Amino acid sequence: MTEPAATVTVRVPAKVNVQLAVGGPRPDGFHDLANVFLAVGLYDSVSATPAPALRLTVSGPDAALVPLDESNLAVRAARLLADRHGREPDVHLHIAKDIPVAGGMAGGSADAAGALLACDRLWGTRTPHEELLALCAELGSDVPFSLTGGAALGRGRGELLTPLETGGEFHWVFAVADGGLSTPDVYRECDRLRQAEGRGADAVPEPEADPALLTALRAGDAAALAASLRNDLQPAAVSLRPSLAETLDAGLAAGALAGLVSGSGPTCAFLVQDAASAARAAQALLASGTCRTARPAVGPAAGATPV
């Protein structure tokens, strides 16, 4: 294996869940999902440079909120790849953040996918793509999609991917809240709310992708996609963070075709008609005072890509 002495940098996209159908809790504590991912053009960059030992640095918005220890998925990704190839994880990883931290847009998962690909290129380990996907799945449910990008249906915990065809670009505005939400907390709240409604695990249907939503993606039809957006975790996220209801109302008042909480939140995603609509909606959301920042972006975007 040859090791180039240069830095390898990989760009990784954020994601929005245009559908997140959540089944009941499984014996292992996870939930079966029908998770329709769309990668969008907000990016982190992960750089890998030879170093005497593994270390991580982070820059960019909210960098202080990103853990630098073994709980960071990028650190775990470097160790996992090194273990797989019987070598030491001697690398300096640097993450330049632009994806919201703890915002339900898979920033941590994106960084893990970026670290895997950057270290694989840096170390010359030439790991086959399918093996990289398997390593991604070991790291977390959203990590495989961060590697592939585009649009995909995720089954199981979200890690079993089927690529989906898209017929054009979709324009979004992402309203970023102050502070994050814990994904496990949101799933627990989802289960609690269902129990309170008398919907135990046995009463929750198997999650399935909405055929109308898949058709809208294929056609590139923003209005039809807007009519099909769905996130089963949204009631739980709003229960834990009631102010999200105001953000969702503000986005619709700003002219969005539809809005939903992105993944486990607390970022809210608004689908709009075009780039001009996105600029107007972002400005109106900022002026509403219901979010910390509002970011236009377009999807689908490519997955982890060396730059």
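Placed above this text is the structure.
Summarised in this report is the structure supplied together with it. (Residues numbered from 1 in each chain as written. Predicted model: local features only at pLDDT ≥ 70, side-chain atom pairs only at ≥ 80, totals over all residues. Heavy atoms only, no water.)

### Quick notes on the side chain of Ser141
You can see Ser141 is positioned in the loop between helix H3 (129-139) and helix H4 (143-148). Overall, the relative accessible area of 17% leaves Ser141 in the buried class. Polar contacts involving the side chain of Ser141 include one to the side chain of Arg157, which spans 2.9 Å. Not counting residues up to four positions away in its chain, the partners in contact with Ser141 are Arg157, Gly158 and Glu159. (Helix = DSSP H or I, 4+ residues; strand = E, 2+ residues; numbered from the N terminus. Buried < 20%, exposed > 50% of the residue type's maximum accessible area, 1.4 Å probe, protein only. Polar contact = N/O pair within 3.5 Å; in protein donor to acceptor, adjacent residues only side chain to side chain. Contact = heavy atoms within 4.5 Å.)

### Comments concerning unusual backbone geometry
Of the consecutive residues Gly265 and Pro266, the connecting peptide bond is found in the cis state with omega at 5°. Here Pro266 lies in the loop between strand E9 (258-261) and strand E10 (268-272). Of note, the amide linkage connecting Gly299 to Pro300 takes the cis form, showing an omega dihedral of 5°. Within the element layout of this structure, Pro300 appears in the loop between strand E11 (293-299) and strand E12 (305-306).

### Let's talk about the packing of helix H1 (residues 73-84) against helix H2 (residues 107-123)
Interhelical geometry of H1 versus H2 gives an angle of 35° and a closest axis separation of 8 Å. In the crossing of H1 with H2, the sense of the turn from one axis to the other is right-handed. The residues of H2 that touch H1, namely those facing Leu73, Ala74, Ala77, Ala78, Leu81 and Ala82, are Gly108, Ser109, Asp111, Ala112, Ala115, Leu116, Cys119, Asp120 and Trp123. (Axes fitted to C-alpha atoms, helices over the stretch in contact; angles between N-to-C directions. Left-handed = near helix turned anticlockwise from the far one by under 90°.)

### A closer look at the nonpolar core
Burial of nonpolar side chains together is a common tendency in soluble globular proteins. Val18, Val91, Leu93, Trp172, Phe174 and Leu225 are the most contacted members of the largest nonpolar core, which has 70 residues in total. Per-element accounting of this core gives the leading share, ten residues, to H2. Among the nonpolar cores identified, the runner-up in size contains 27 residues, and Leu181, Leu248, Val272 and Cys291 belong to it. (Core = buried A, V, L, I, M, F, W, Y, C linked by side-chain atoms within 4.5 Å.)

### Thoughts on the sheet that holds E11
What holds strands together in a sheet is hydrogen bonding between their backbones, with the strands either parallel or antiparallel. Here we have four strands laid out as an open sheet, ordered E9-E10-E7-E11, and antiparallel in their pairing. Because the sheet does not close on itself, it has two edges, and the strands there are E9 and E11. Neighbouring strand axes in the sheet, compared pairwise and without regard to direction, differ in orientation by 25° on average. Across five bridges, strand E7 (residues 170-176) lies against E10 in antiparallel orientation. Paired with Ala175 across the two strands is Cys268, which belongs to E10. Set on the sheet, helix H9 (residues 244-253) makes contact with E7, E9 and E10; between it and E10 the angle comes to about 15°. Contacting E7, E10 and E11, helix H10 (residues 275-288) runs over the sheet at an angle of about 10° to E7. (Pairing = 2+ DSSP bridges.)

### A few points about helix H6 (residues 211-219)
Along H6, the residues classified as buried are Leu213, Leu214, Ala216 and Leu217. Each buried residue of H6 lies within a common arc of 160° when the element is viewed along its axis, so the set occupies one face. The outward face of H6, more than 90 degrees from its buried face, is lined by the exposed residues Pro211 and Ala219. Looking at the buried residues of H6, the elements they touch are strand E1 (8-25), strand E2 (31-50), E7 and helix H7 (222-228). Of the residues flanking the start of H6, the one acting as N-cap is Asp210, its side-chain oxygen 3.0 Å from the backbone nitrogen of Ala212. Trailing H6 by a residue or two, Gly220 shows a phi angle of about 65°, which is positive. (Arc of directions from axis to C-beta.)

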